[in-house]
Amino acid sequence: MGETREPLRELTECGLPQALEVMGERWSFMILRASFNGVHHFEEFLSVLSIARNILSNRLAKLVGHGILARQPIEEDRRKIEYRLTPKGIDLLPAMIALRQWGQKYGDAVVENPVLVDERDRLPIGPVSILAHDGRILGPADLNMVDKARLGVRADGSVTEPSGGSVKEMA
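These figures come from a predicted structure and were not determined experimentally.

Further remarks concern the nonpolar core. Ranked by size, the top nonpolar core spans 21 residues in total, and within it Met 23, Ile 31, Leu 32, Phe 45, Leu 49, Leu 56 and Leu 60 carry the most contacts. Mapped by element, the contributors of at least two residues to this core are α1 (15-23), α2 (26-36), α3 (42-49) and α4 (53-65).

Since one α-helical turn is 3.6 residues long, residues separated by three or four positions face the same way. Taking 1.5 Å of rise per residue, 14 residues should cover 20 Å, and helix α6 (residues 93-106) covers 20 Å from first to last C-alpha, within 8% of that figure. Buried within α6 we find Met 96, Ile 97 and Gln 101. Projection of α6 onto a plane perpendicular to its axis shows the buried side chains occupying an angular sector of 135°, all on one side. In α6, the exposed positions that point more than 90 degrees away from the buried face belong to Trp 102 and Tyr 106. Buried-residue contacts for α6 involve α2.

Here we come to the packing of aromatic side chains. Given two aromatic rings, one states the distance between the centres and the angle between the planes to describe the pair. One pass over the structure, following the stated rule, counts two aromatic pairs. With a centroid separation of 6.4 Å and 70° between ring planes, the pair formed by Phe 45 and Tyr 83 is classed as edge-to-face. In this pair, Phe 45 sits in helix α3 while Tyr 83 sits in strand β2 (residues 81-85), placing the two residues 38 residues apart along the sequence. Owing to a relative accessible area of 8%, Tyr 83 belongs among the buried residues under this scheme. One Lys or Arg, Arg 26, reaches over the ring of Trp 27 and ends 4.7 Å from the middle of that ring.

Tracing the sequence through the fold places Arg 59 in helix α4. Given the relative accessible area of 18%, Arg 59 is considered buried. A polar side-chain atom of Arg 59 sits 3.1 Å from a polar atom in the side chain of Asn 58. Those residues in contact with Arg 59 that lie beyond four places of it in its chain are Glu 25, Trp 27, Ser 28 and Ile 31.

Now for the confidence of the model for the protein. Detailed reading of the predicted model is not advised wherever pLDDT is low. Per-residue confidence for the protein averages 87 on the pLDDT scale, and 88% of its residues sit at or above 70. Across the protein, helix α5 (residues 87-90) holds the top mean pLDDT of 97, while helix α7 (residues 167-170) sits lowest at 44. Note on residues 166-171: pLDDT under 50 across the span, and nine contacts to partners over four residues away in sequence or across chains.

Where α2 meets α6, the closest approach of the two axes is 11 Å, and the angle between their N-to-C directions is 110°. As judged from the angle between their axes, α2 and α6 are roughly perpendicular. For the pair formed by α2 and α6, the contact residues are Phe 29, Leu 32, Arg 33 and Phe 36 on the first element and Leu 93, Met 96 and Leu 99 on the second. Residues that form the contact of α2 with α6 fall into these classes: six nonpolar, no polar and one charged.

Inspection of every chain in the model, using the stated rule, returns nine salt bridges. Of the charged contacts in the structure, one is a salt bridge between Arg 59 and Glu 25, with a shortest N-O distance of 2.9 Å. Within this pair, whereas Arg 59 is found in helix α4, its partner Glu 25 is found in the loop between α1 and α2, the two being separated by 34 residues in sequence. Between Arg 136 and Asp 134 there is a salt bridge, with its nearest N and O atoms 3.0 Å apart. Take Arg 136: its relative accessible area is 46%, and that puts it in the partly exposed class.

In terms of backbone geometry, most residues other than glycine have negative phi values and most peptide bonds are trans. Residue Pro 114 is bonded to the preceding Asn 113 through a cis peptide linkage, with omega at 10°. In this fold, Pro 114 is placed in the loop between α6 and β3 (130-131). For Ser 50, which is not glycine, the phi dihedral falls at a positive 50°. Along the chain, Ser 50 falls in the loop between α3 and α4. Even without being a glycine, Arg 122 presents a positive backbone phi close to 60°. By secondary structure assignment, the location of Arg 122 is in the loop between α6 and β3.

Scoring rules and cut-offs
Residues numbered from 1 in each chain as written. Predicted model: local features only at pLDDT ≥ 70, side-chain atom pairs only at ≥ 80, totals over all residues. Heavy atoms only, no water. Core = buried A, V, L, I, M, F, W, Y, C linked by side-chain atoms within 4.5 Å. Buried < 20%, exposed > 50% of the residue type's maximum accessible area, 1.4 Å probe, protein only. Helix = DSSP H or I, 4+ residues; strand = E, 2+ residues; numbered from the N terminus. Expected span 1.5 Å × (residues − 1). Arc of directions from axis to C-beta. Contact = heavy atoms within 4.5 Å. Phe/Tyr/Trp six-rings, centres within 6.5 Å; stacked < 30°, edge-to-face > 60°. Lys NZ or Arg CZ within 6 Å of the ring centre and 35° of its normal. Polar contact = N/O pair within 3.5 Å; in protein donor to acceptor, adjacent residues only side chain to side chain. pLDDT = per-residue confidence, 0-100. Axes fitted to C-alpha atoms, helices over the stretch in contact; angles between N-to-C directions. Parallel < 35°, antiparallel > 145°, perpendicular 65-115°, else oblique. Nonpolar A, V, L, I, M, F, W, Y, C, P; charged D, E, K, R; others polar. Salt bridge = Lys/Arg side-chain N within 4 Å of Asp/Glu carboxyl O.

Written as structure tokens, this is what we have:
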């Protein structure tokens, strides 16, 4: 995938190992999915996920510790706590949907009901895509790895600027 190869043994030079450290197991994604579906209380998570209390407690603490969820006292009863998605947690929505779509495509005949739709048209959402800086949908053959110093330098040597931003913002 390109002229430059990622340092595959170096775990700190890539965001994937860092993301997997936080979200790399089933229960973290199931808690995240429940959060996106309006579950906010410890007892609700226990009930809807059928998860062991100790595992739930551990995963919630990890998600809070990494800033994915925030613990917030309930206004009516400050002794009770809600777990709410943070902006960092909300940013995981595309990854969660991509994994869900992959499971629907390659899993064992999963029949989804209810169906995830766009709010306006109420039709199923399309597949999660990789987008270029200008909005083009990219496939595997359209991807490349380049050294950061060569951002914006095309294969033919010409230089381009990203749409609506600087090359530095792309890095």
